[in-house]
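An overview of the molecular structure
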Amino acid sequence: DAKTTQPNSMESNEEEPVHLPCNHSTISGTDYIHWYRQLPSQGPEYVIHGLTSNVNNRMASLAIAEDRKSSTLILHRATLRDAAVYYCILRGPHMDSNYQLIWGAGTKLIIKP
Amino acid sequence: NAGVTQTPKFRILKIGQSMTLQCTQDMNHNYMYWYRQDPGMGLKLIYYSVGAGITDKGEVPNGYNVSRSTTEDFPLRLELAAPSQTSVYFCASKGQVGTDTQYFGPGTRLTVL
């Protein structure tokens, strides 16, 4: 399975944009890029996912490099409630993986008031 | 909808004891998953199910068993608990093919002494 590499932790100021990087240099053409986050003492929650094109939703934006070897999760205006561990995960096509997700250690995002 | 519910929230077991972690979802999802999360780590897949009556091993199945007699329930059984099974256990579910989001329960914190 292709792996992802993320920084262990990042800090940001409240109400500023946050760019969380993820490297996935061995990604295959059919791997989707997923982002989940885990608030303290809670189960993970879905944030966003994409394949090739940049994606936007109410929570965040996902910018995918043209060669797909890296991606960036963008929180446009971080709040204290966005303090969490953010996981970048690759998911293979359905028939190979049954939607299994392979989780790394993620990036701990610290928001400073 | 309650989403994915897990019981109990906390449990302490003695070495060699057995227990069942309960997981129920009310979203009529076919796919269900059991993960464990050790401190400071990402999630590891224990078992998963693609529908009632169908289960398969994940990355770390040893020491666990599952069953899926209904769409709603996916219990995880620990036989002969060991200290290495001290962890937080998360259950998740996912809808039909073509949807990608996994929905997680709040977790069960298990300590084996």
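Residues numbered from 1 in each chain as written. Chains lettered and ligands numbered in written order. Predicted model: local features only at pLDDT ≥ 70, side-chain atom pairs only at ≥ 80, totals over all residues. Heavy atoms only, no water.

**A few points about the overall build of chain B**
Rules: The numbering of helices and of strands both runs from the N terminus, where a helix is a DSSP run of H or I of at least 4 residues and a strand a run of E of at least 2. Think of it in three bands: with a 1.4 Å probe and only protein chains considered, a residue is buried below 20% of the maximum accessible area for its type, exposed above 50%, and partly exposed in between. Residues count as neighbours in contact if any of their non-hydrogen atoms are within 4.5 Å of one another. Here the accessible surface of atoms and residues is derived via Shrake-Rupley with a 1.4 Å probe, and residues count as covered only by protein chains that are part of the display. Charge counting follows a simple rule: Lys and Arg are positive, Asp and Glu are negative, and His as well as the terminal groups are ignored. Think of each charge as sitting on NZ of Lys, CZ of Arg, CG of Asp or CD of Glu.
Check the secondary structure of chain B and you find zero helices and 11 strands. When burial is assessed residue by residue, chain B has 46% of its 113 residues classed as buried. Counted over contacts in chain B with a minimum sequence separation of 6, partners at least 24 positions apart contribute 54%. Accessible surface, chain B as shown: approximately 5,300 Å² in total, 53% of it carbon and sulfur. With 10 positive and 8 negative side-chain charges, chain B shows a separation of 9 Å between the mean positions of the two kinds.

**Comments concerning the packing of aromatic side chains**
What counts is decided by this rule: Stacked, tilted and edge-to-face are the three classes assigned to paired rings of Phe, Tyr and Trp, where Trp is represented by its six-membered ring and a pair needs centres within 6.5 Å; plane angles under 30 degrees give stacked, over 60 edge-to-face, the rest tilted. Two thresholds decide whether a charge sits over a ring: the Lys NZ or Arg CZ must be within 6 Å of the ring centre and within 35 degrees of the ring normal.
Tallied over the entire structure, the rule returns 10 aromatic pairs over all chains. Seen from their ring centres, W103 of chain A and F104 of chain B are 5.7 Å apart, and the 90° between their planes marks the pair as edge-to-face. With W103 of chain A in the loop between helix 1 (94-97) and strand 9 (107-112) and F104 of chain B in strand 10 (residues 102-104), this residue pair bridges two chains. By relative accessible area, W103 of chain A is classed as buried at 9%. Here the aromatic residues Y36, Y46, Y87 and W103 of chain A together with Y33, Y35, Y48 and F104 of chain B are joined through ring pairs into a cluster of three or more. When the ring centre of F74 of chain B is taken as reference, the NZ or CZ atom of R68 of chain B above it lies at 5.9 Å. The side chain of K94 of chain B reaches across the aromatic face of Y31 of chain B, ending 4.4 Å from its centre.

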